[in-house]
Amino acid sequence: MTINPFYTRRIPASVPRFTPPRYAKLPLAPVNRSPVPRLTSLYHFDRAGEYGDRSYPGNCGGNLIRDLLLYFRPRSVFDPMSGSGTCRDVCSELEIPCDSRDIHGGFDAADPAQLPAERFDFVWIHPPYWRQKLYAADSRDLSRTPTLDAFLQRYAAVIANCAKALTPNGKLAVLMGDYCDREAGFVSLVYHTKRLAFDAGLRQCCTDIIRFSHGASSSRKVYRSSFIPGLHDVCMVFER
Ligand SMILES: C[S@@+](CC[C@H](N)C(=O)[O-])C[C@H]1O[C@@H](n2cnc3c(N)ncnc32)[C@H](O)[C@@H]1O
């Protein structure tokens, strides 16, 4: 009888249960005329920068937003899911006018009637990763949607509204991560983001930007189950 060694081999006690932080050597990026050479498809910054509030659930560092703004050079920014105001703070540093709103202030990004009349060169959204973290005690909050279908329906409305809010050459940047739980299984929210953006008449205008998730709260947790940890989220930039 053949024994598959994969199944019979014991994991030696010396194999660490936690992988300590390590340095990864990133591929060299080709020299080009980008005004922001550090902005590549692999985005790594282990300091979040002095933007927004790091203790806000779902806070993202501001460096990626800053680099996107330095690259695309918009004259106006719309930030309809502002959370702790990370994008607003970056815009104030760069002196770019920014309209920041959130469901916490009563603004529903999924409601077309609440869209500002103005059009923007750049829209930044970092929506809830469905129910991974709960935000406002308001049923219009995307993180409170009871099913995946309900979430995707409201997410589609947010993306369609953001598309409408763009000037003709405007860009919509979305930061999203995949989601997994016992009941729903693995949900590729990155795939759904692209599908919904394409359905809204947008096209992706540059590479996916894989943002290393330094400082995610999940990195300090211990789980009983076995899984492949996701250590990144994905920023996608779309245009009409
Ligand atoms: C991932 S957090 C954004 C965090 C932000 N990037 C920061 O650095 O603080 C998602 C935000 O979307 C907001 N939100 C959820 N549903 C919304 C809706 N329908 N309209 C507007 N904002 C909404 C939540 O209140 C939360 O602040």
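Everything that follows concerns the structure shown earlier in this document.
About the thresholds
- Just so you know, the residues in each chain are numbered from 1, in the order the chain's sequence is written.
- Local features in a predicted model are, by the rule used here, given only for residues with pLDDT of at least 70; side-chain atom pairs are given and counted only at 80 or more, and totals for whole chains, interfaces and linings are based on all residues.
- Side-chain numbers here rest on the full set of heavy atoms in the structure, without hydrogens or water.
- For helices the rule is a DSSP run of H or I covering at least 4 residues; for strands it is a run of E covering at least 2, with both sets numbered from the N terminus onward.
- Accessibility here uses a 1.4 Å probe with only protein chains present; expressed as a share of the type maximum, an area under 20% marks a residue as buried, one over 50% as exposed, and anything in between as partly exposed.
- We call a residue near a molecule or strand whenever a single non-hydrogen atom of that residue lies within 4 Å of it.
- Polar contact criterion, stated in full: a pair of N or O atoms within 3.5 Å, where within protein one must be able to donate a hydrogen and the other to accept it, and residues adjacent in sequence count only if both atoms are side-chain atoms.
- Exposure was quantified through the Shrake-Rupley algorithm and a 1.4 Å probe, taking into account, for residues, occlusion by the shown protein chains and nothing else.
- Only protein atoms enter the 1 Å grid, on which a cavity is a set of points fitting a 1.4 Å probe that cannot get out and a pocket is an open set with protein on both sides within 12 Å along at least 5 of 7 lines, lining residues being those with an atom within 4 Å of a point.
- What decides whether a molecule sits in a cavity or pocket is whether more than half of its atoms lie within 2 Å of the grid points.
- In this classification, Asp, Glu, Lys and Arg are treated as charged, Ala, Val, Leu, Ile, Met, Phe, Trp, Tyr, Cys and Pro as nonpolar, and every other residue, Gly included, as polar.
- We call two residues contacting when some pair of their heavy atoms lies within 4.5 Å.
- Grid points are joined across faces, edges and corners, and a volume is the space filled by probe spheres set on the points.

A.B. asks: I'd like a description of unusual backbone geometry, backed by residues and values.
C.D. replies: Phi at Arg73 is positive, roughly 50°, even though this residue is not glycine. Following the sequence through the fold, Arg73 ends up in the loop between helix 2 (63–72) and strand 2 (77–79). Since its relative accessible area comes to 60%, Arg73 is described here as exposed. Its identity as a non-glycine residue notwithstanding, Glu95 has a phi of 60°, on the positive side. Mapped onto the secondary structure, Glu95 falls in the loop between helix 3 (86–94) and strand 3 (98–100). Judged by its relative accessible area of 71%, Glu95 falls in the exposed class.

A.B. asks: Just give me the short version of the site of the ligand, but keep the residues and values in it.
C.D. replies: In the region of the ligand, 24 residues are neighbours, and Tyr56, Ser84, Thr86, Asp102 and Ala109 sit closest. Within the backbone of Cys60, a nitrogen or oxygen atom sits 2.9 Å from an oxygen atom of the ligand. Separating a nitrogen atom of the ligand from a backbone N or O atom of Ala109 is a distance of 2.9 Å. Burial of the ligand by the protein amounts to 99% of the accessible area it has alone, namely 600 Å². Here the ligand occupies the largest cavity. When its residues are assigned to classes, the shell around the ligand shows eleven nonpolar, eight polar and five charged.

A.B. asks: Account for the side chain of Asp67, with residues named and values stated.
C.D. replies: For Asp67, the location among the structural elements is in helix 2. The class for Asp67 is buried, based on a relative accessible area of 0%. Separated by 3.3 Å, the side chains of Asp67 and Arg66 make a polar contact. Those residues in contact with Asp67 that lie beyond four places of it in its chain are Val36, Arg38, Leu39 and Tyr43.

A.B. asks: Requested: an account of helix 5 (residues 189–199), with residues and values cited.
C.D. replies: For helix 5, the full list of buried residues reads Leu189, Val190, His192, Thr193, Lys194, Leu196 and Ala197. Against helix 4 (148–164), strand 5 (166–176), strand 6 (179–181), strand 7 (185–187), strand 8 (203–204) and strand 10 (232–239) lie the buried residues of helix 5.

A.B. asks: I'd like to hear about empty space enclosed by the protein, residue by residue, with values.
C.D. replies: If you roll a probe as big as a water molecule over the atoms, it shows you where there is empty space left. Evaluated as defined, the whole model comprises one cavity of 30 Å³ or more. Quantified by volume, the largest cavity comes out at close to 320 Å³. Here the lining of the largest cavity is composed, by residue class, of 17 nonpolar, eight polar and five charged.

Remember that the coordinates give geometry; whether it matters functionally is a separate question.
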